[in-house]
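One-letter residues, chain by chain:
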Amino acid sequence: MATPSTQLDAADLREQVVEVIRLLLAELGSHRALRGVQGSAHLDRNLGLGSLERVELMTRLEASFGIRLPDQVVAEADTVDDVVAAIRAHARNTPAEPFERAAPTAPQSGARTHATGVEGAQTLQEILRHRARVQAGQPHLYVREDTGSTTTITFGDLHARAGCLARQLARRGVRPGDTVAIMLPTSPEFFYAFTGTLLAGAVPVPIYPPFRADRIEEYAARQEAILRNAEVRLLITFHQAERVARLLKPRVPSLAGVVNASRLLEEPPAPHEGVADRPRGAFKANDLALIQYTSGSTGEPKGVMLTHANLLANIRAIGEAVAVGPNDVGVTWLPLYHDMGLIGAWLLPLYFGIPVAVLSPLAFLNRPERWLWAVHSYRGTLAAAPNFAFELCVRKIDDRDIEGLDLSSWRAVLNGAEPVNPETLDRFAGRFAPYGFRREALLPVYGLAENSLAVTVPRLGEGPRVDVVDRETFTREGRAVPVSPERNDAGAVRFVSVGRPVPRHEVCIVDAHGREVGERTEGVLWLRGPSATRGYYRNAEATRRLFPKGAGENAWLDSGDRAYRADGEIYITGRVKDIIIKAGRNLHPQEIEEVAGRVASVRKGCVVSFGLGDTAAGTERLVVVAETRERDAGRRAQIARAVSEEVSGALGLPPDVVELVPPQSIPKTSSGKLRREETKRLYVAGTLGSRHAPAWLQVARLAAGSAPRAIGRGLREGLERVYGVYAAVVFGVWIVPTWFLVLLAPNRRAAAAITSPALRLYMALVGCRIRVEGREHLRSREARVFVSNHTSFFDVLVLMAALGIDYHFVAKIEVNSMPLIGTFLRKLGHVAFDRSDPQARLHQAEEIEQLLRQGESVFVFPEGTFTAELGVRPFQLGAFKAAVAAGRPVLPVAMRGTRRFLRDDTLLPRPTSVTLTLLPPLEPSRDAASDWHEIVRLRDAARAAIAEHCGEPLV
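Residues numbered from 1 in each chain as written. Predicted model: local features only at pLDDT ≥ 70, side-chain atom pairs only at ≥ 80, totals over all residues. Heavy atoms only, no water.

## Side note on the overall build of the protein
Part 1 of the argument: Of the regular secondary structure elements, the protein holds 30 helices and 34 strands.
Part 2 of the argument: Across the 955 residues that make up the protein, the buried fraction comes to 55%.
Part 3 of the argument: Restricting the contact set of the protein to residue pairs at least 6 apart, pairs at least 24 apart contribute 73%.
Part 4 of the argument: Surface exposure of the protein reaches about 39400 Å², of which carbon and sulfur atoms provide 53%. (Helix = DSSP H or I, 4+ residues; strand = E, 2+ residues; numbered from the N terminus. Buried < 20%, exposed > 50% of the residue type's maximum accessible area, 1.4 Å probe, protein only. Contact = heavy atoms within 4.5 Å. Areas by Shrake-Rupley, 256 points an atom, 1.4 Å probe, with all protein chains shown as cover.)

Right, here's the structure in full:
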């Protein structure tokens, strides 16, 4: 052991740290990097120490100096000097026994009610309310903090804090239907922010926080695309990420603000504000509950739209497949921005009312044994992780660190989110069998974000099933011909079963023409069921490709994965886009990468293979890209030859190109998946392996790139404020003399003759151009019902200015009492009704009918009110009932542009132009004086016609 750090000066401490690093680099074969080990050396760029190597380095330093370093040191230390400073800062820490080694203490179980009372729930908000009402005091989340302590959150705490946060969001202008990005690490704040966004009626968009300082530019570019596509209104983040988040703001037009989650939760509610909780029925099953951006392992990320109905259908199906019960306990370290971590590891336990022990991904990566100790301590029964996590546990956990470990409570361990390696399953089961782990608890599963989460799950208690098939027949003909299970040579390939479709869902395997293929024949996996998305957010082309036979209820969804079926079990063989076709053989990149990764000096899990078209040869060239720390040219040539020999020996043909690149060159998704398409693009562009600029330079570039947009945005907002003040002042100057003239007008006709020209003058003064299309529909002088979408206080002014006032507006009675405005309405003969009167709608319809029979036209906003959000809301029936009863036509009017002028909850007007589209009249059937179906027909036809021309969707 090195000398304790408390007894060393800075120079001696640095020298001992350098020596530990030198020994590690020597073991890793990074001989050229040895010469660069000095205080200013960058761990990644200069020494080639990636995330897993950092974990190993910190473990050795802790052992050398007898201390425990915080998990953040692994992620945040950039240079050798940073490591030295961290050791000095924690020199007095003792290697205290971690909390994970506490004696087994199962969470409280007396108050558990399982799924009782939520079977008929339609939304996540209902689940949250129910749990807070029935299990308020029961612990739901045990969140391990970075300090090693644990924060316990009950169901009641979660609902209360979420409600307060929802109030804060509303105060910042977040409205139902807005999208809110959540860029937070695993922490109590994430759970409050997610549920608070839901209670506010907004749509959460979880995105991953920045982890690497030297990849800030890449991170910002990726997040900018997501934030712009999602039209995010607000970004909730944490202190360390605020700088990056604010650099993104000028690049995202919809982004109104960036808020720190901790400060948001600390702010007291405004007077008379309590916990936000919209009335029952305000949330609908088909409302968007979440936009889950795909990992982007095969291209740019896309926003999967998931409704409450989708999520609850999948959660219930998983719960049935895994037999979730009231005594289950979840344990997770998965990132919460990923579907497996968010839905499978948290929302599922929330639905079933069971507790979850939560670690951060960094806590797991630093010390994988923490995951296992959490299972031991909380008597965990359920957990899920990607394949690499099981491999990490096998390779990185020392026997000394798990003495006394008991995994006998673990009954369902799901392995998914990336290809499942049969050898990993064997190694994990064998390694931890002495600690009570049962192999049959392993459940290789398959899922994708487009189906909320799970698609297939194996039967409980059977253990993993591995299919061994003939390699030559499979690669040339796509037929999975079984061979002896004991056969383990290059002529055989092994696939792991991912089980059967979850309840109430279907899968089929089809060929290139969409025809279902037979047993043990490889094809493309299609699926359908209540969990399936309706498409990608604001990406019609990608949505169209997702549904090969057309979208609609119960449509087949193309998973993009290849698979075959055998004895009712599904075996996933690879991604469609990743398949390499060479010399008539279908090669699966995962297998090539696994084989190449066995070569010494190649970084495990950092190999990508892909095909490049070769017109001369008429086939594809096989390219293998592998990361290595080795810089010596002769040694690199040996590594490349070894990779070629390994691949040739396993597949029977060598790669055409073996490209060796430095560590951290191969791009990965936020969930750690290899981005093959992006690697291929960088390879073709000749930029694969290029060194990244220092973090400070990347931040400077981002700021410089954002500056013009920020200046332009600020200038634009400033000019809009000036315009708003001008328009408001002009209105104040204009309305007083106009009001006085209208007040003195002897009759309605005279008042109308004053009002319309005066309004046209006002529109001219404020520069608002009004275009009217379809004036020919006004030629008839017969009485009719005008109906229009309602978007702003400005609507009535535009209509009276453009169409005159040869009709009676129907308005709420409160308008009559407004200063100045009430005079206009009374003098112009408009109709008012009392919304507080339960019979008001009936009286309104009768009054409209009477006016129509007298030959008078009326103008109605059948939505009843307006809000800030885009969309044509449901129409009320009163106006259409009156039209049918009086036998008068309905003339739809579509307004476009008025919402921008004076949106709800805004004070100052904004510059705009307006288009009014008068649509062909809808004639009621003459023999249906009070027919209900005719009333509904007219309403639906008018609403559809208006939505088609106003530029806003039906909601």
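Don't stop here, the text continues.
## With respect to the sheet that holds strand β3 (residues 179-182)
Backbone-to-backbone hydrogen bonds pair the strands of a sheet. The strands run either parallel or antiparallel.
Part 1 of the argument: Pairing is parallel in the open sheet, where four strands are placed in the order β4-β3-β5-β6. What marks the edges here is a single partner per strand, and that holds for β4 (203-206) and β6 (257-260). The sheet shows a mean angle of 25° between the axes of neighbouring strands, taken without regard to direction.
Part 2 of the argument: Here strand β5 (residues 232-237) runs beside β6; their pairing, made up of four bridges, is parallel. Bridge pairing links Thr-237 to Asn-260 in β6.
Part 3 of the argument: Set on the sheet, helix α8 (residues 188-199) makes contact with β3, β4 and β5; between it and β4 the angle comes to about 150°. (Pairing = 2+ DSSP bridges. Axes fitted to C-alpha atoms, helices over the stretch in contact; angles between N-to-C directions.)

## A short note on the environment of Thr-865
Part 1 of the argument: Take Thr-865: it is sitting in the loop between β32 (858-860) and α28 (878-886).
Part 2 of the argument: Under the relative-accessibility criterion, Thr-865 is labelled partly exposed at 38%.

## Quick notes on the sheet that holds strand β20 (residues 523-528)
Part 1 of the argument: An order of β19-β20-β21-β22 is seen for the four strands of this open sheet, with the pairing classed as antiparallel. Whereas interior strands pair on both sides, the edge strands pair on one side only; in this sheet they are β19 (506-510) and β22 (569-575). For this sheet, the mean angle separating the axes of adjacent strands, direction not counted, is 50°.
Part 2 of the argument: As paired elements, β19 and β20 share five bridges and run antiparallel to each other. Looking at the pairing, Cys-508 lines up with Trp-526 of β20.

## Focus: the packing of aromatic side chains
In this description, a pair of aromatic rings is defined by centroid distance and the angle of the planes.
Part 1 of the argument: Per the counting criterion, the structure on display carries 32 aromatic pairs.
Part 2 of the argument: When the ring of Phe-875 is compared with that of Phe-880, the centres are 6.3 Å apart and the planes differ by 15°; the resulting orientation is stacked. Of the two residues, Phe-875 and Phe-880, both sit in the buried class.
Part 3 of the argument: Put simply, the rings of Trp-333, Phe-364, Trp-371, Phe-388, Phe-390, Trp-410, Phe-428, Phe-432, Tyr-435 and Phe-437 touch in pairs and so form one group of aromatic residues.
Part 4 of the argument: Directly above the ring of Tyr-192 sits Arg-161, whose terminal nitrogen or CZ lies 4.8 Å from the centroid. (Phe/Tyr/Trp six-rings, centres within 6.5 Å; stacked < 30°, edge-to-face > 60°. Lys NZ or Arg CZ within 6 Å of the ring centre and 35° of its normal.)

## Considerations on helix α7 (residues 155-171)
Part 1 of the argument: Its 17 residues give α7 an end-to-end C-alpha distance of 25 Å, which sits within 8% of 24 Å, the value for a rise of 1.5 Å per residue.
Part 2 of the argument: Inspection of α7 places Phe-155, Gly-156, Leu-158, His-159, Ala-162, Gly-163, Leu-165, Ala-166, Gln-168 and Leu-169 among the buried residues, and these make up the whole buried set.
Part 3 of the argument: Once α7 ends, the next one or two residues include Gly-173, with phi positive near 90°. (Expected span 1.5 Å × (residues − 1).)

## Some points on the pairing of strand β12 (residues 412-415)
Part 1 of the argument: Burial along β12 is two-sided: Ala-412 and Leu-414 and Val-413 and Asn-415, pointing in opposite directions, are all buried.
Part 2 of the argument: Where strand β11 (residues 382-385) meets β12, four bridges bridge the pair, whose relative direction is parallel. Within the sheet, the bridge partner assigned to Ala-385 lies in β12 and is Asn-415.
Part 3 of the argument: Strand direction decides the pairing type here: β12 and strand β13 (residues 442-444), joined by three bridges, are parallel. Note that in β13 the partner of Leu-414 across the bridge is Leu-443.

## Details of the pattern of salt bridges
Pairing between side chains of opposite charge can happen when their charged atoms approach one another.
Part 1 of the argument: With the rule as written, the count across this model stands at 32 salt bridges.
Part 2 of the argument: The partner of Arg-544 in a salt bridge is Glu-541, and the shortest N-O contact between them spans 2.5 Å. Of this pair, Arg-544 and Glu-541 are both found in helix α19 (residues 540-546), three residues apart, which corresponds to roughly one turn of the helix.
Part 3 of the argument: Classification of Arg-544 as exposed rests on a relative accessible area of 52%.
Part 4 of the argument: Overall, Glu-541 belongs to the partly exposed group, its relative accessible area being 41%.
Part 5 of the argument: Because the salt bridges share partners, they merge into one network encompassing Glu-391, Arg-395, Glu-423 and Arg-427. (Salt bridge = Lys/Arg side-chain N within 4 Å of Asp/Glu carboxyl O.)

## Concerning the packing of helix α6 (residues 124-134) against α8
For any two helices packed against each other, the geometry comes down to the angle between their axes and how far apart the axes lie.
Part 1 of the argument: Where α6 meets α8, the closest approach of the two axes is 9 Å, and the angle between their N-to-C directions is 115°. By the angle between their directions, the pair α6 and α8 is classed as roughly perpendicular. For the crossing formed where α6 meets α8, the hand is left-handed. Where α6 abuts α8, its residues Leu-124, Gln-125 and Leu-128 lie against Thr-195, Leu-198 and Leu-199.
Part 2 of the argument: Of the residues contributing to the contact of α6 with α8, the split by class is four nonpolar, two polar and no charged. (Parallel < 35°, antiparallel > 145°, perpendicular 65-115°, else oblique. Left-handed = near helix turned anticlockwise from the far one by under 90°. Nonpolar A, V, L, I, M, F, W, Y, C, P; charged D, E, K, R; others polar.)

## Some details on α28
In an α-helix, one turn spans 3.6 residues, which is why side chains three or four residues apart end up on the same side.
Part 1 of the argument: Counting buried positions over the nine residues of α28 gives seven, a clear majority of the element.
Part 2 of the argument: For α28, the complete set of buried residues consists of Ala-879, Phe-880, Ala-882, Ala-883, Val-884, Ala-885 and Ala-886.
Part 3 of the argument: Phi for Gly-887, located one or two positions after α28, is positive at around 70°.

## Some points on the nonpolar core
Part 1 of the argument: Ranked by internal contacts, the top residues of the largest apolar core, which has 146 residues, are Ile-236, Trp-346, Trp-371, Trp-410 and Phe-432.
Part 2 of the argument: Ranked by the residues each element gives to this core, the list is headed by helix α13 (residues 339-352), at nine residues.
Part 3 of the argument: Setting aside residues up to four positions removed in sequence, Trp-346 forms contacts with His-140, Leu-141, Leu-158, Phe-190, Phe-191, Phe-194, Thr-195 and Gly-341.
Part 4 of the argument: Counting residues in hydrophobic clusters, the runner-up holds 35 residues, among them Val-730, Ala-752, Leu-799 and Leu-803. (Core = buried A, V, L, I, M, F, W, Y, C linked by side-chain atoms within 4.5 Å.)

## Concerning the side chain of Glu-450
Part 1 of the argument: Examined against the element boundaries, Glu-450 turns out to sit in the loop between β14 (446-447) and β15 (454-457).
Part 2 of the argument: Here Glu-450 occupies a buried position and makes no salt bridge, while the nearest side chain of opposite charge, Lys-302, is found at 5.6 Å.
Part 3 of the argument: A distance of 2.6 Å separates a polar atom in the side chain of Glu-450 from a polar atom in the side chain of Tyr-536.
Part 4 of the argument: Apart from residues no more than four positions distant in its own chain, Glu-450 is found in contact with Thr-294, Val-304, Ser-531, Ala-532, Thr-533, Tyr-536, Leu-546 and Leu-557. (Lys, Arg positive; Asp, Glu negative; His and termini not counted. Polar contact = N/O pair within 3.5 Å; in protein donor to acceptor, adjacent residues only side chain to side chain.)

## As for the environment of Gln-664
Part 1 of the argument: Structurally, Gln-664 can be placed in the loop between β27 (657-661) and α22 (676-685).
Part 2 of the argument: Separated by 36 residues in the primary sequence, Gln-664 and Thr-628 have C-alpha atoms spaced 9.5 Å apart.

## Comments concerning the pairing of strand β21 (residues 557-566)
Part 1 of the argument: The element β21 is extensively covered by neighbouring structure, given that eight of its 10 residues are classed as buried.
Part 2 of the argument: The pairing of β20 with β21 spans four bridges and is antiparallel. Residue pairing in the sheet places Trp-526 in a bridge with Asp-558 of β21.
Part 3 of the argument: Strand direction decides the pairing type here: β21 and β22, joined by six bridges, are antiparallel. If you follow Ala-563 over to β22, its bridge partner there is Ile-572.
Part 4 of the argument: Hairpin connection between β21 and β22: a loop of two residues separates the two successive antiparallel strands, and Asp-567 in this loop has a positive phi of roughly 55°.

## Quick look at the packing of α6 against α13
Part 1 of the argument: One can describe the packing of α6 onto α13 by two numbers: an axis separation of 9 Å at closest approach and a directional angle of 55°. Compared by their axis directions, α6 and α13 come out oblique. Between α6 and α13 lies a crossing whose hand is left-handed. Of the residues in α13, those touching α6 at Leu-124, Ile-127, Leu-128 and Arg-131 are Leu-347, Leu-350, Tyr-351 and Phe-352.
Part 2 of the argument: Grouping the amino acids of the contact of α6 with α13 by side-chain chemistry returns seven nonpolar, no polar and one charged.

## Regarding the confidence of the model for the protein
Part 1 of the argument: Within the protein, residue pLDDT values average 81, and 80% of them lie at 70 or more.
Part 2 of the argument: Counting interchain partners and residues more than four positions distant, the pLDDT-below-50 stretch residues 94-100 has 16 contacts.
Part 3 of the argument: Low pLDDT, under 50, characterises residues 270-276; the predicted model gives this stretch 12 contacts beyond four residues in sequence or across chains. (pLDDT = per-residue confidence, 0-100.)

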